[in-house]
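Per-entry structural report
One letter stands for each residue in the lines below.
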Amino acid sequence: MILVHVVVPLLLASTALYAFLCWRPALIERNIFPLEKQQKKQKHVLFVTAHPDDECMFFSPTLAYLSRRSDVTVSLLCLTTGNHDQLGDVRKKELLKSAVTFGLTPDSVIIVDDQHLPDSPRQAWNLALVAKTVEAVVVAGDVDTIFTFDGRGVSGHQNHIAAYMGVKHMALTSQRFKFQKINVYALESVGLVRKFSSILDTLFAFGMAVGGGRMFVADLAAYSQGIQAMLMHESQLVWFRKLYLVFSRYMFINTYTKVN
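Residues numbered from 1 in each chain as written. Predicted model: local features only at pLDDT ≥ 70, side-chain atom pairs only at ≥ 80, totals over all residues. Heavy atoms only, no water.

Observations regarding the overall build of the protein
In plain terms, the rule: Note on conventions: DSSP H or I runs of at least 4 residues are helices, E runs of at least 2 residues are strands, and numbering of each starts at the N terminus. It is over C-alpha atoms that the radius of gyration is taken, and the globule rule equals 2.2 Å times the number of residues to the power 0.38. Contacts were defined at the residue level, with two residues in contact if any of their heavy atoms lie within 4.5 Å. Only the protein chains shown count as cover for residues, and the accessible areas themselves come from Shrake-Rupley with a 1.4 Å probe. In this tally, Asp and Glu contribute negative charge and Lys and Arg positive charge; neither His nor the terminal groups of the chain are included. Charge placement uses NZ in Lys and CZ in Arg. For Asp and Glu, CG and CD serve respectively.
For the protein, the count of helices and strands is 12 helices and seven strands. For the protein, the C-alpha radius of gyration of 18 Å lies close to 18 Å, the compact-globule estimate for 260 residues. In terms of its C-alpha atoms, the protein occupies a principal-axis envelope of roughly 55 × 45 × 30 Å. Sequence separation of at least 24 residues holds for 81% of the intrachain contacts in the protein that already meet a minimum separation of 6. Roughly 12300 Å² of accessible area belongs to the protein as shown, and the carbon and sulfur atoms make up 62% of that amount. Of note, the protein has its 26 positive side-chain charges centred 6 Å away from the centre of its 21 negative side-chain charges.

Shown next as structure tokens:
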């Protein structure tokens, strides 16, 4: 009985807060760009992922929000072709279709095909190579802000974690970025219950945002974009991915910590 009195109000509060944030997103909007670049007319954001479909499975709310902003150019760097099951060529095409769903152009998607960065949950990546690969894209595109995974990689996948470690290594050690500032944000990994609690995680996520993190919430249009993007990944659309679209908080909420 005590559990009901505690849990039900929490669920109702989370649902109400989610609806309110969709209606008044300014409540959680925070500047994501370096101080020196806030007056830049057209800012450039780069998402660094490990596999085709990471962009919609984990970053949908952020991608949808930023792609709406007229003062922001969004690019996507995927560090593999997703060739673990020998479907790399198929998955590259699916990724391009997914990106277009978010309003990106095909030429804003960079897909790395390097045997030293295999799609594998067991084979470790060279972090210096990841850093070098990301830095080349950042410099060429005059990127201002990066979004990527955190040290737990959301699902614990070693490629996700290596993407984070490589980006972090680049941001903290490259002499270039001591003078040309760049902001890096890491997507918060949460426990299993929160991960699959859909919008009911809003209350906990909001607490992080109030504490100085960054938070993005998908309204109905953004959530629909995420679903449509995932549907573009036909080769990966197994039954549990369909459940993921309904229950994963990452389809509705993204929270980030600043790395550098």
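Observations regarding the state of the cysteines
Selection rule: Cysteine sulfur atoms are paired as a disulfide whenever they fall within 2.5 Å.
All chains considered together, the criterion is met by zero disulfides. Take Cys56: it sits in no disulfide, and the sulfur closest to it among the cysteines is that of Cys78, at 11 Å.

So, the packing of aromatic side chains
The condition that has to hold: For this analysis, a ring pair means two rings from Phe, Tyr or Trp (six-membered ring only for Trp) whose centres lie within 6.5 Å, classed as stacked if their planes differ by under 30 degrees, edge-to-face if by over 60, and tilted for the remaining angles. Under the scheme applied here, a residue whose accessible area is under 20% of the maximum for its type counts as buried, over 50% as exposed, and between as partly exposed, the area being computed with a 1.4 Å probe on protein chains only.
A full pass over the atoms with the stated rule returns 16 aromatic pairs. On the numbers, 6.1 Å between centres and 85° between planes, the contact of Phe196 with Tyr244 is edge-to-face. One end of the pair, Phe196, is in the loop between α9 (192–195) and α10 (202–210); the other, Tyr244, is in helix α12 (residues 239–247), and 48 residues separate them in sequence. Classification of Phe196 as partly exposed rests on a relative accessible area of 36%. When its relative accessible area of 8% is taken as the criterion, Tyr244 is described as buried. Ring-pair connections join several aromatic residues into one group, and the members of that group are Phe47, Phe58, Phe59, Tyr65, Phe147, Phe149, Tyr185, Phe196, Phe216, Tyr244, Tyr250 and Tyr256.

Considerations on the sheet that holds strand β2 (residues 72–78)
Spelled out, the test is: We call two strands paired when DSSP finds no fewer than two bridges between them. Angles shown run from 0 to 180 degrees and are taken between the N-to-C directions of axes, each axis being a line fitted to C-alpha atoms and, for helices, limited to the stretch in contact.
The strand order β3-β2-β1-β4-β5-β7-β6 describes an open sheet built from seven strands, whose pairing is mixed. Two strands bound the open sheet, and with one partner strand each, they are β3 (109–111) and β6 (214–217). Taken over all neighbouring pairs, the strand axes of this sheet differ in orientation by 25° on average, direction set aside. Relative to strand β7 (residues 253–258), strand β5 (residues 183–187) runs antiparallel, the two being bridged by three bridges. By the bridge assignment for β7, Tyr185 is matched with Lys258. Sitting on the sheet, helix α5 (residues 127–141) touches β1 (43–49), β2, β3 and β4 (145–148), and the angle it makes with β1 is about 165°.

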